Amino acid sequence: MAKDMKADFLLINAGQLVTVAGNSDHPKRREELPEIGVITDGAVAARDGNVIAVGSTSDLQKSVELEEGAVVIDAQGKVVLPGLVDPHTHVVFAGSREHELEMKIQGVPYLEILARGGGILDTVRSTRAASREELFRAAEKYLDEMLAQGTTTAEAKSGYGLTLDDELKTLEVTRDLQEAHPVDLVSTFLGAHAIPEEYKENPDDFVELIIQEMLPAVSRSGLARFCDVFCEDGVFSVEQSRRILSEAKRLGFELKIHADEMVPLGGAELAAELGAVSADHLMVISDQGIEMLAASDTVAVLLPATTFCVMGEQYAPARKMIEKGAAVALSSDFNPGSSPVNSLQIVMGIACRQLKMAPAEVISAVTINAAHAIGCASSVGSIEVGKKADLVVFDAKDYRYLMYRFGTNLVDKVIKSGRVVVGG
Ligand code: IZC
Ligand code: ZN
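Everything in this summary refers to the structure shown in the same document. Treat the numbers as computed from the prediction; the structure is a model and nothing was measured.

This part is about the overall build of the protein. Of the regular secondary structure elements, the protein holds 16 helices and 16 strands. Since a compact globule built from 424 residues should have a radius of gyration of about 22 Å, the 21 Å found for the protein is in line with a globular shape. A principal-axis box enclosing the C-alpha atoms of the protein has dimensions of 75 × 45 × 45 Å. For the protein, with 424 residues in total, the buried portion stands at 60%. Long-range contacts, defined here as pairs at least 24 residues apart, represent 74% of the contacts in the protein between residues at least 6 apart. The distance from the centre of the 40 positive side-chain charges to the centre of the 62 negative ones in the protein is 3 Å.

So, in structure tokens, the structure goes:
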């Protein structure tokens, strides 16, 4: 066979090359969810950061010509996955909240800590006080940790500023990180994350401030693709969330919502009604909410590390959601309060054990479905010709080993856009 392709990157001898191919145009549902397209003794070739060929090692060795200086990686029989996608994080913040741990152990609920002026409001105080440089350095370190654990694309929310200037400061830091860090970031404006202390007595005025001033200014800045709201008892009501998200949609934002996490208010129904790209959390989603999500294009992003960290009793009803036909993704929810976990490998292990998701379903949920949840499925989330050459080599022979082992970072190498960025 003539060598008809020129590559500057070639990975060979993947014991299992898990491609998750074939779902760039719609997320996986029901029986599609565990279809992950495993190629044994697989190989991937790339050029200029994008995949140009996927197949068996012997086929690619025949068809791919290597450019001078090309990078060749021998995966030595290990498992290779698409770069993991983390579609819900609050990675840009200052400070930390380990002082809440004793309160949580004693049973003080998350929303009670917030109502006492702690929780999110604690992080708002530290974030307002932090310089851009301090915020950048803190988030950069967390992104380094995420990359080292296999995450190559993540969403990043604002929401610890809660004044226009402090929200813009956070979004600018996110933009700077997007330019400087190998992890690709998708930016979300979450001005409606909590009612700040100065609006405690008149929360509707804060909703007005978001609608009248913050949304137009953030829209003009071009710094956020998505708008999100923390729709929760004592935070933003369904009616307030509908107003904010409807105005955001009118301005051209795509929508996300923190829905039905602690109290079943109907956030999932609102997400379906407004055509949100994702509805996130859903621990206490109603049957009607499940039906509406299943009938919609909205991706259900489940965050089981959060349930674990807040010591919640009820995990999201993942099996029921999958059976009814909802498109399910998984995420870390990395944040200083309810989920100081930024390892998707840990989330994957919890998802098997607590959400009863099969290992293959979990892989779809942290790759292609997660990419759909942030509107990036045309470029990441699977190993396919034309997509970014984002790959993770794991020190495992069988993909199920990733969920079976728990708490150890099994990453051997991370490749971002055809460049080895971890384990080189
Ligand atoms: O800092 O507690 N749930 N927002 C909604 C969070 C958790 C982040 C936090
Ligand atoms: Zn969140």
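A word on the side chain of S339. Relative to the helices and strands, S339 is located in the loop between β13 (327-330) and α13 (344-354). Those residues in contact with S339 that sit more than four places away from it in its chain are A305, T306, C309, S332, D333 and F334.

The subject of this paragraph is the site of ligand 1. The full set of residues close to ligand 1 is H90, R97, Y110, I120, Y160, H193, F230, H258, E261, N335, G337 and S338. Residue R97 places a side-chain N or O atom 2.8 Å away from an oxygen atom belonging to ligand 1. Residue Y160 places a side-chain N or O atom 2.6 Å away from an oxygen atom belonging to ligand 1. Isolated, ligand 1 exposes 260 Å² of accessible area, and the fraction of that covered by the protein chains is 100%. Classifying every residue of the shell around ligand 1 by side-chain character gives 4 nonpolar, 6 polar and 2 charged.

This paragraph deals with the packing of helix α9 (residues 267-274) against helix α10 (residues 287-294). It is the contact of α9 with α10, at a shortest axis distance of 8 Å, that shows an interaxial angle of 25°. When the axes of α9 and α10 are compared, the pair comes out roughly parallel. In the crossing of α9 with α10, the sense of the turn from one axis to the other is left-handed. Mapping the contact onto sequence places A268, E269 and A272 in α9 and Q288, G289, M292 and L293 in α10. Looking at the contact of α9 with α10, its residues break down into 4 nonpolar, 2 polar and 1 charged.

Moving on to the packing of helix α8 (residues 238-250) against α9. Contact geometry for α8 and α9: axes closest at 11 Å, N-to-C directions at 25°. Compared by their axis directions, α8 and α9 come out roughly parallel. For α8 against α9, the interelement crossing comes out right-handed. Listed contacts from α9 to V238, S241, R242, L245, S246 and K249 of α8 are L270, E273 and L274. A class-by-class count of the residues in the contact of α8 with α9 yields 4 nonpolar, 2 polar and 3 charged.

Right, let's get into the coordination of the zinc ion (ligand 2). Binding of the zinc ion (ligand 2) to the protein goes through H88 (NE2), H90 (NE2), H258 (NE2) and D333 (OD), at separations of 2.0 to 2.8 Å. What the 4 donor atoms of the zinc ion (ligand 2) show is an angle range of 75 to 162° at the metal, which sorts the shape as irregular. Counting the intervening residues between successive donors of the zinc ion (ligand 2) yields the motif H-x1-H-x167-H-x74-D. Here D333 lies in the loop between β13 and α13 and H258 lies in strand β10 (residues 254-259), a separation of 75 residues in the sequence. In terms of burial, H258 and D333 fall into one category: buried.

Conventions and cut-offs
Residues numbered from 1 in each chain as written. Chains lettered and ligands numbered in written order. Predicted model: local features only at pLDDT ≥ 70, side-chain atom pairs only at ≥ 80, totals over all residues. Heavy atoms only, no water. Helix = DSSP H or I, 4+ residues; strand = E, 2+ residues; numbered from the N terminus. Rg over C-alpha atoms; globule rule 2.2 N^0.38 Å. Buried < 20%, exposed > 50% of the residue type's maximum accessible area, 1.4 Å probe, protein only. Contact = heavy atoms within 4.5 Å. Lys, Arg positive; Asp, Glu negative; His and termini not counted. Charge placed at Lys NZ, Arg CZ, Asp CG, Glu CD. Near = heavy atom within 4 Å. Polar contact = N/O pair within 3.5 Å; in protein donor to acceptor, adjacent residues only side chain to side chain. Areas by Shrake-Rupley, 256 points an atom, 1.4 Å probe, with all protein chains shown as cover. Nonpolar A, V, L, I, M, F, W, Y, C, P; charged D, E, K, R; others polar. Axes fitted to C-alpha atoms, helices over the stretch in contact; angles between N-to-C directions. Parallel < 35°, antiparallel > 145°, perpendicular 65-115°, else oblique. Left-handed = near helix turned anticlockwise from the far one by under 90°. Donors = N, O, S within 2.8 Å, 3.2 Å for Na, K, Ca; no water. Tetrahedral: all angles 85-135°; square planar, octahedral: opposite > 155°, others 65-115°.

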